[in-house]
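So you can see what is in the structure, the chains are spelled out below.
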Amino acid sequence: MKKITIAIDGFSSTGKSTVAKQLAKALGYVYVDSGAMYRAVTYYAMQNDIISNDSFNVEKLISELNEVKICFKYNDRLGFAEVYLNGINVEKEVRTLEVSQWVSKVAEISEVRKMLVRQQQQMGQEKGVVMDGRDIGTVVFPDAELKLFMTASAETRAKRRYKELLERNEKVSYEDVLSNVESRDLIDSTREDSPLIKADDAIEIDNSNLNLEEQFEKLYNLAQNAINHQ
Ligand code: CDP
């Protein structure tokens, strides 16, 4: 059976990574969380005096980009690949609200995007990959056989993310999470380089009223259909 490329794009906290992981597992494909790579670059900037308090030294980040080495390593116990920054597992560190508050600013920088898109394309060279992000169906894999665009209302998404952060013992307020979701949506969809837009040939999935099982079933059927029709 020939393998395909599955690109999943959409706004923040639309459940892309949950369903991408489920699909990859069911199909025996590799899952790549492209957002984790932008988050790892942001975390690097926070650790290296590039981002501090309210200031962001963009030039310094660009000049240090060749020192930022990102990779994924599969964790058997968790059943997915975790993100590493310069050899250190930063899977937990990159998910904080603090990183979320800066990541879209980092993702606006063309030099950052160029570096990460190149790596993402290499990871998908052999197909058999499910990748989620903002520009996967438009820029990273414009020829992907299956493109999905996930949506849900901002409130639904903020509630999901708030619950996730509480489960990880982060002390955050729902209002802060909602305002972060809304401000990232705005920056991500209005930036100049590779804005978040639905590719013409992407299938839009509004999952506001779908539970995880229903969502998986719907997407798995779409994937099987795409595999059978290539
Ligand atoms: O998990 P969540 O949907 O909140 O975000 P993410 O997938 O971890 O991505 C974090 C941020 O990285 C996004 O808000 C974008 O600013 C940026 N990003 C991007 O620009 N392009 C991608 N392919 C993936 C993420």
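Quick note: structure is the one above.
Attention in this report is confined to the structure presented alongside it. (Residues numbered from 1 in each chain as written. Predicted model: local features only at pLDDT ≥ 70, side-chain atom pairs only at ≥ 80, totals over all residues. Heavy atoms only, no water.)

**A closer look at helix H5 (residues 110-123)**
- Look at H5: 20 Å from first C-alpha to last across 14 residues, which is about the 20 Å you get at 1.5 Å a residue.
- Buried-residue contacts for H5 involve helix H2 (34-47), helix H3 (58-64), strand E5 (70-75), helix H4 (97-106), strand E8 (129-133) and helix H6 (136-140). (Helix = DSSP H or I, 4+ residues; strand = E, 2+ residues; numbered from the N terminus. Expected span 1.5 Å × (residues − 1). Contact = heavy atoms within 4.5 Å.)

**A word on H2**
- The end-to-end C-alpha distance of H2 is 20 Å, a good match for the 20 Å that 14 residues give at a rise of 1.5 Å each.
- Most of H2 sits out of view: 12 of its 14 residues are buried.
- Looking at H2, one finds that the buried residues are Ser34, Ala36, Met37, Tyr38, Arg39, Ala40, Val41, Thr42, Tyr43, Tyr44, Ala45 and Met46.
- Of the residues that open H2, the one with a side-chain oxygen 3.2 Å from the backbone nitrogen of Gly35 is Asp33.
- One or two residues past the end of H2 sits Asp49, with phi positive at roughly 55°. (Buried < 20%, exposed > 50% of the residue type's maximum accessible area, 1.4 Å probe, protein only. Polar contact = N/O pair within 3.5 Å; in protein donor to acceptor, adjacent residues only side chain to side chain.)

**Digging into the pattern of salt bridges**
- Enumeration over the complete set of coordinates arrives at 13 salt bridges.
- The closest approach of N and O atoms between Lys105 and Glu108, which form a salt bridge, is 3.4 Å.
- According to the relative accessible area criterion, Lys105 is partly exposed, its value standing at 36%.
- Judged by its relative accessible area of 32%, Glu108 falls in the partly exposed class.
- Among the salt bridges present, the one from Glu167 reaches Lys163, with a minimum N-O distance of 3.6 Å. Within this pair, Glu167 and its partner Lys163 are both found in helix H7 (residues 154-167), separated by 4 residues, close to a single helical turn. (Salt bridge = Lys/Arg side-chain N within 4 Å of Asp/Glu carboxyl O.)

**A look at the packing of H7 against helix H8 (residues 174-190)**
- One way to put it is that H7 packs onto H8 with a least axis distance of 9 Å and a crossing angle of 125°. One finds that H7 runs oblique with respect to H8. The two elements H7 and H8 cross, and the hand of that crossing is right-handed. The residues of H8 that touch H7, namely those facing Ala154, Glu155, Arg157, Ala158, Lys159, Arg161, Tyr162 and Leu165, are Tyr174, Val177, Leu178, Val181, Glu182, Arg184 and Asp185.
- Residues belonging to the contact of H7 with H8 are distributed by class as follows: 8 nonpolar, no polar and 7 charged. (Axes fitted to C-alpha atoms, helices over the stretch in contact; angles between N-to-C directions. Parallel < 35°, antiparallel > 145°, perpendicular 65-115°, else oblique. Left-handed = near helix turned anticlockwise from the far one by under 90°. Nonpolar A, V, L, I, M, F, W, Y, C, P; charged D, E, K, R; others polar.)

**What to know about the packing of H2 against H5**
- For the pair H2 and H5, the least separation of the axes is 11 Å and the interaxial angle reads 140°. Here H2 and H5 pass one another in a crossing that is right-handed. Residue-level contacts link Ser34, Met37, Tyr38 and Val41 of H2 to Val112, Arg113, Met115, Leu116, Val117, Gln119, Gln120 and Met123 of H5.

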